[in-house]
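Coordinate inspection notes
If you want the building blocks of each chain, they are given just below.
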Amino acid sequence: MKLLKKIKKADLFFAIVLLILFFIRLPSIMDSYKIEGMLVGELKFIHLNLPPEKLTQKDSKKILVFWATWCGPCKIEMYRFNQAIKNKELHKEQVIFINMQESVQTIKKFLYKNDFDLTIALDQNSKLSRMFKITSTPTIVYINRMNIVHHVATGLSPLLIFRATWFLDKRS
């Protein structure tokens, strides 16, 4: 009987924690849905390893990944993208990793340490972060050929590479 009471208390505590986490995340989830369907103008940012015209190329789908070097989930998702690019499942130019407000030296050190060969851009004035209402990392923004936000995802995703390859291969 005591064990049953403990289990019920633990279940109640777990349920309360989940509700609190849900309500904390609710504003960012709502923001994600609000920007889906938004027309994106020309994307301009400082790049580390590609000419600017490749980053703003129209009539091509893009995946923007907002990240930070200190973000554990970002490192996991970057590793997964890096592997997919190495395995030719994705094209490096279509997935742009946008770092928010970290120094070039910190970013290069992080990329070298983790052996990441990714397209990196900087959002040091936070213009893109504000446009896409980025409140947590990693946040992944899928932009279609017409420069319209197709989908926004935040956090770790077990279907990340599947969704990315499906999105980039899809005709629309």
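In this report, the structure presented in the accompanying data block is examined. Fair warning: this is a prediction, and the values are worked out from it, not measured in the lab.

Here is what the cut-offs are and how they apply
Residues numbered from 1 in each chain as written. Predicted model: local features only at pLDDT ≥ 70, side-chain atom pairs only at ≥ 80, totals over all residues. Heavy atoms only, no water. Axes fitted to C-alpha atoms, helices over the stretch in contact; angles between N-to-C directions. Helix = DSSP H or I, 4+ residues; strand = E, 2+ residues; numbered from the N terminus. Parallel < 35°, antiparallel > 145°, perpendicular 65-115°, else oblique. Left-handed = near helix turned anticlockwise from the far one by under 90°. Contact = heavy atoms within 4.5 Å. Nonpolar A, V, L, I, M, F, W, Y, C, P; charged D, E, K, R; others polar. Patch = residues over 30% accessible without salt bridge, like charges linked within 9 Å, V, L, I, M, F, W, Y side chains within 5 Å. Areas by Shrake-Rupley, 256 points an atom, 1.4 Å probe, with all protein chains shown as cover. Salt bridge = Lys/Arg side-chain N within 4 Å of Asp/Glu carboxyl O. Disulfide = S-S within 2.5 Å. Buried < 20%, exposed > 50% of the residue type's maximum accessible area, 1.4 Å probe, protein only.

1. Points about the packing of helix α3 (residues 72-86) against helix α6 (residues 160-169)
Where α3 meets α6, the axes come as close as 10 Å, and the angle between the chain directions of the two elements is 50 degrees. Here α6 runs oblique to α3, going by the angle between their axes. Handedness of the α3/α6 crossing: right-handed. On α6, the residues touching Glu77, Arg80, Phe81 and Ala84 of α3 are Leu160, Ile161 and Ala164. For the contact of α3 with α6, the residue count by class is five nonpolar, no polar and two charged.

2. Focus on a nonpolar patch on the surface
Together, Leu12, Ile16 and Ile20 line one region of the surface with nonpolar side chains, adding up to about 280 Å² of accessible area. Mapped onto the secondary structure, Leu12 falls in helix α1 (residues 2-35).

3. Brief notes about the state of the cysteines
One pass over the structure, following the stated rule, counts one disulfide. Note on cysteine connectivity: Cys71 is disulfide-linked to Cys74, with sulfurs 2.5 Å apart. Here the S-S torsion is close to 80 degrees, and the disulfide linking Cys71 with Cys74 is therefore right-handed. Residue classification places Cys71 among the buried positions, given a relative accessible area of 5%.

4. Quick word on the pattern of salt bridges
Throughout the structure, instances matching the rule amount to three salt bridges. A salt bridge links Asp115 to Lys86; its shortest N-O distance comes to 3.7 Å. Taken together, the positions of Asp115 in the loop between α4 (104-114) and β4 (119-122) and Lys86 in helix α3 put the pair 29 residues apart, joining distant regions of the chain. For Lys86, a relative accessible area of 46% translates into the label partly exposed. Ionic pairing is found between Asp117 and Lys92, a salt bridge with its closest N-O pair at 2.7 Å. In this pair, Asp117 sits in the loop between α4 and β4 while Lys92 sits in the loop between α3 and β3 (95-99), placing the two residues 25 residues apart along the sequence. A relative accessible area of 46% means that Asp117 is categorised as partly exposed. For Lys92, a relative accessible area of 22% translates into the label partly exposed.

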